[in-house]
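Examination of the molecular architecture
Residues per chain, in single letters:
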Amino acid sequence: MNLDLALKAFLEEADELLEQMESLLLGTTQAALSGDDLNALFRVMHTLKGSAGIFGFDYLVGFAHEAESVLDRVREGTQPLDASLVALLLACHDHVKACIAAWVSGQAIDEEEGRPLRQRLSFLLETPESAPVVDSATEPARRWRIQVGFGPDILRDGMEPTEIFAYLGSLVSIESIVADLSGLPGRDSFDPCRCYLGFDLLVSGEVDEPTLSGAFGFVQDCSSVRISPVTDSDAPPQDEPAGDDGGDDLAAVPLPIAAKVAQGHRMVKVEASRIDQMIDLVGELVIASSAASLLAQRHHDAELGETASQIAVLVEAIRSRVLGMRMVEIGDIFGRFPRLVRDLSVETGKPVRLVVHGSETELDKSMVDRLGEPLTHLLRNAIDHGIEAAEVRAAAGKPLEGTVTLSARHEAGSIVIELTDDGGGMDVGKILARARERGLIGATEIVSESDILALIFLPGFSTATQVTALSGRGVGMDAVRQAIDDLRGTIDMTTRPGAGSSFRLRLPLTLAIIDGFLVRVAGNAFVVPLDRVVECLEIRASDVPEEAFGYIELRGRVLPLVVLSGFLGLERRAVRRRNVVVVRFGERQAGLVVDDLEGECQIVVKPLGGLFRHLKALSGSTILGNGAVALILDVSALIDAATHDAARRAGGSAIRGTASPLQEQGGG
Amino acid sequence: MDTTQRTPLPASLTLASVPEAHEELLAGLEQHPFIELDLSVVEEIDTAGAQWLVWLVWQGGQNGHPVALLAPSAPVRRIFATLGLPGLPEEDRS
């Protein structure tokens with residue numbers, strides 16, 4: 001056995017199991033856990049114990065054994081999973097996590113930290129078992145699984161599922177109930193008077209099947225009811241949903257925890273690097289396919305052209321599916337925040353509520369992995385320094401409980417993540433005064449609010465003595481911006497004194513393959529990401545400024561221009577008319593003046609070498625179908641450069657210390 | 001903050017009242033990036049009402065216009081627990 005590989009697998013598995021445990025335990029505040037959930041909770045400690053034994057990690061074996069024994073009682077129904085036990089199990093989760101981290105890095109295990117936890121676990125185990133939840137002192141309770149798919153017209157016919165379940169509850173103990181939402185239809189076919197729900201129940205009690213079946217007597221004709229005995233602690237089969245409408249859309253439905261855990265059983269784990277290799281190969285396939293199309297065009301070969309276009313369609317299908325394999329829900333990160341908020345709320349003594357929107361929004365796994373830290377920073381700052389203490393909120397006439405809203409959504413080929421708090425907001429005037437004091441802004445310079453707020457992302461801006469309203473806000477903010485920059489994203493913020501602050505992160509969905517728009521400047525090929533292109537225009541050469549920057553009037557609005565030949569130091573061709581590609585990033589637009597427009601293309605993004613990383617106007621390179629290299633333009637940086645220049649011309653000023661990309665470009 | 005539409009829902013969400021509420025809400029469903037439904041005054045709710053709320057959340061997720069259920073009253077919490085439905089915020093522990 002390759003021990004290194006086995007150890008790696010153990011650590012990955014431990015991470016996943018502990019994450020699942022935390023999520024299940026936090027889920028208890030919303031609803032009681034189902035039988036499946038309790039089994040899953042038990043399996044976490046059981047599996048960790050077994051794996052730790054393989055590696056001779058004796059401390060973890062002992063600790064997990066005690067936790068497992070308590071969880072065994074919980075799933076048997078002889079130990080209630082109340083708030084105090086949830087808190088104890090969360091503390092056990094943290095301890096196990098810390099132990100594994102210490103063990104793998106060769107440090108001593110903090111057994112002292114585990115001692116009180118072990119005492120409390122032992123105490124629970126020494127306490128005589130309470131009567132099982134099911135009322136059967138003499139005979140062992142029987143457990144049943146009931147799957148119900150109600151007929152569509154039962155509501156109209158006056159039947160009410162809650163009354164059926166209430167009657168069922170008088171016969172047996174309902175251990176869990178999970179609604180099956182896979183039958184919910186789309187907007188056009190939803191009729192609020194029809195029933196689309198199915199239910200999966202786990203019940204226990206001394207009853208026979210006909211008695212259970214009788215509870216559904218009134219709806220039996222028009223509904224499907226399946227009752228099956230559950231033996232021991234086996235998880236009920238998950239082969240099909242209870243509804244009779246089929247389950248094609250099951251994956252798209254936001255399911256409760258129990259269903260998600262069950263779905264996990266049908267997944268195949270694949271090492272991330274294998275998918276990356278596949279994406280690389282698909283990238284090469286895209287290039288080869290483009291080359292074939294070009295050849296067909298060049299040789300005017302209609303049959304070859306048709307075949308090449310068929311291949312292109314298939315390659316596109318493979319590309320989207322392979323990229324889809326790496327797409328994961330952002331809920332994977334959001335899921336860890338309820339715990340953080342709960343802990344920070346206790347730590348700071350401020351009641352805080354976290355509202356999450358759009359956790360099903362998908363983005364590339366590699367992005368998700370790198371977003372956790374900056375989002376944690378922002379959330380921590382929002383609670384530490386944004387949300388006011390309860391008494392301050394009361395005095396301001398605000399609800400005592402602060403609210404932090406975290407949302408994600410797709411928007412024009414990007415993912416937008418917003419973190420908003422309803423705290424005290426920031427005092428822009430004080431930040432400006434502080435910046436003037438430090439010489440970042442001249443005493444008489446006029447700067448916009450967004451430029452002032454951008455200062456909090458400067459390294460070191462907040463490390464010295466702080467103005468009160470800003471205190472701590474800047475801690476780690478430069479790291480946040482760096483992390484977002486590295487992901488080719490942007491971060492903006494807005495604030496309203498007394499009403500709170502909002503951070504908006506805009507990130508690309510993936511970094512691997514994009515649709516591009518190919519242009520030429522002085523014979524060199526450049527690619528503009530297609531989702532940034534708004535339109536293309538033609539202007540007279542005489543309207544093009546001599547320098548790298550300028551502006552034109554477009555439909556009554558001023559459009560800043562970047563003359564790429566001037567900007568990049570390339571030869572300027574003498575032509576009568578020039579092309580302008582209007583690009584946008586967020587709400588800003590600019591025009592890029594180029595020589596030729598070549599059209600759309602699909603490109604595989606190759607990162608620039610270390611030597612060129614500082615060139616902010618370029619975000620990468622790619623190889624075209626004909627084998628030539630094209631550079632990918634960083635639209636955000638170009639728009640920044642153009643708008644800074646426009647502001648300078650208008651008499652304002654770019655803030656010193658936030659060098660424009662142009663300055664960096666010139667320096668590079 | 002301005003992108004969120006907070007809509008209070010009526011006291012009754014039953015088979016008799018949901019179709020009307022559905023028609024009223026449907027038009028505005030895709031006009032705001034986020035919609036928050038305030039359930040604090042809901043006194044009467046049956047399976048049709050609960051199913052409708054879950055459908056709104058699900059449909060919002062599908063269309064990229066997330067819908068959140070806020071401040072659920074006790075009857076709402078009760079029926080969601082009875083039917084094993086997801087989508088409600090965490091219960092206030094304070």
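**Here we look at the overall build of chain A**
A tally of regular secondary structure across chain A gives 20 helices and 21 strands. For chain A, the residues scored as buried account for 37% of the 668 residues in total. Counted over contacts in chain A with a minimum sequence separation of 6, partners at least 24 positions apart contribute 69%.

**Description of the overall build of chain B**
Scanning chain B for helices and strands turns up 3 helices and 5 strands. Its helices and strands in sequence order give chain B the pattern β-β-α-β-β-α-β-α, from N to C terminus. Scored against the burial criterion, the 94 residues of chain B give a buried share of 41%. Looking at chain B alone, contacts between residues at least 24 apart form 80% of all its contacts between residues at least 6 apart.

**Thoughts on the interface of chain B and chain A**
Contacts between the two partners involve 33 residues from chain B, matched on the other side by 38 residues from chain A. Sorting the residues of the side of chain B that touches chain A by element identifies α1 (18-28), α2 (47-63) and α3 (74-83) of chain B as the ones contributing at least two each. Among the elements that take part in the side of chain B that touches chain A, α2(B) stands out by supplying 10 residues, more than any other. Taken together, the residues of the side of chain B that touches chain A sort by class into 20 nonpolar, 10 polar and 3 charged.

**Let's talk about the sheet that holds strand β18 (residues 588-594) of chain A**
Residues and elements named next belong to chain A. The 5 strands lie next to each other as β14-β17-β18-β16-β15, forming an open sheet whose pairing is mixed. What marks the edges here is a single partner per strand, and that holds for β14 (533-540) and β15 (549-554). The sheet shows a mean angle of 35° between the axes of neighbouring strands, taken without regard to direction. For β15 and strand β16 (residues 557-563), the ladder comprises 6 bridges, and the chain directions are antiparallel. Residue pairing across strands places Ile552 opposite Leu559, the latter belonging to β16.

**Looking at unusual backbone geometry**
Phi is positive for A:His300, close to 50°, though the residue is something other than glycine. Position of A:His300 relative to the elements: it lies in the loop between α9 (272-298) and α10 (302-325). Among the residues examined, A:His300 registers 8 C-beta atoms within 10 Å and is labelled exposed. Despite not being glycine, B:Ala71 shows a phi value in the positive range, around 45°. With respect to the helices, strands and loops of the structure, B:Ala71 is situated in the loop between β5 (67-70) and α3. Exposure remark for B:Ala71: the 17 C-beta atoms within 10 Å place this residue in the partly exposed category.

**So, the nonpolar core**
Core analysis: the biggest nonpolar cluster contains 49 residues, and A:Val203, B:Ala50, B:Trp52, B:Val54 and B:Leu56 have the highest contact counts within it. Elements with a contribution of two residues or more to this core: β1 (143-149), α6 (161-171), β2 (173-180) and β3 (198-204) of chain A together with β3 (34-38), α2, β5 and α3 of chain B. Broken down by element, the residue count for this core peaks at 9 residues, all from α2(B). Residues in contact with B:Ala50, not counting those within four places in the same chain, are B:Ile45, B:Ile79, B:Phe80, B:Leu83 and B:Leu85. Counting 42 residues, the second-largest nonpolar core is a separate cluster that includes A:Val519, A:Leu592, A:Ile603 and A:Leu631.

**Some remarks on the pairing of strand β11 (residues 500-508) of chain A**
Residue and element names in this part refer to chain A. Of all 9 residues in β11, 8 are buried; the element is thus mostly enclosed. Summarising the sheet, strand β9 (residues 414-421) and β11 pair through 7 bridges and their orientation is antiparallel. When the sheet's bridge partners are listed, Ile415 is paired in β11 with Leu507. Bridging between strand β10 (residues 490-496) and β11 involves 7 bridges; their strand directions are antiparallel. Looking at β11, one finds that Met493 is bridged to Phe503. The antiparallel pairing of β10 with β11 creates a hairpin that spans 3 residues between the two strands, and Gly498 there sits at a positive phi of about 85°.

**Focus: the sheet that holds β9(A)**
All names here are of chain A. Spatially, β6-β8-β9-β11-β10 is the arrangement adopted by the 5 strands of the open sheet, whose pairing is mixed. With one partner strand each, in any of the chains shown, β6 (352-357) and β10 form the two edges of the open sheet. Neighbour to neighbour, the strand axes of the sheet diverge by 15° on average, direction disregarded. Bridge count between strand β8 (residues 402-411) and β9: 8 bridges; the pairing is antiparallel. When the sheet's bridge partners are listed, Arg409 is paired in β9 with Val416. Across the sheet, helix α12 (residues 337-348) touches β6 and β8, and the angle it forms with β6 is around 165°.

What counts, and where the lines are drawn
- Residues numbered from 1 in each chain as written.
- Chains lettered and ligands numbered in written order.
- Predicted model: local features only at pLDDT ≥ 70, side-chain atom pairs only at ≥ 80, totals over all residues.
- Helix = DSSP H or I, 4+ residues; strand = E, 2+ residues; numbered from the N terminus.
- Buried ≥ 20, exposed ≤ 12 C-beta atoms within 10 Å, placed from the backbone.
- Contact = placed C-beta atoms within 7 Å.
- Nonpolar A, V, L, I, M, F, W, Y, C, P; charged D, E, K, R; others polar.
- Pairing = 2+ DSSP bridges.
- Axes fitted to C-alpha atoms, helices over the stretch in contact; angles between N-to-C directions.
- Core = buried A, V, L, I, M, F, W, Y, C linked by C-beta atoms within 7 Å.

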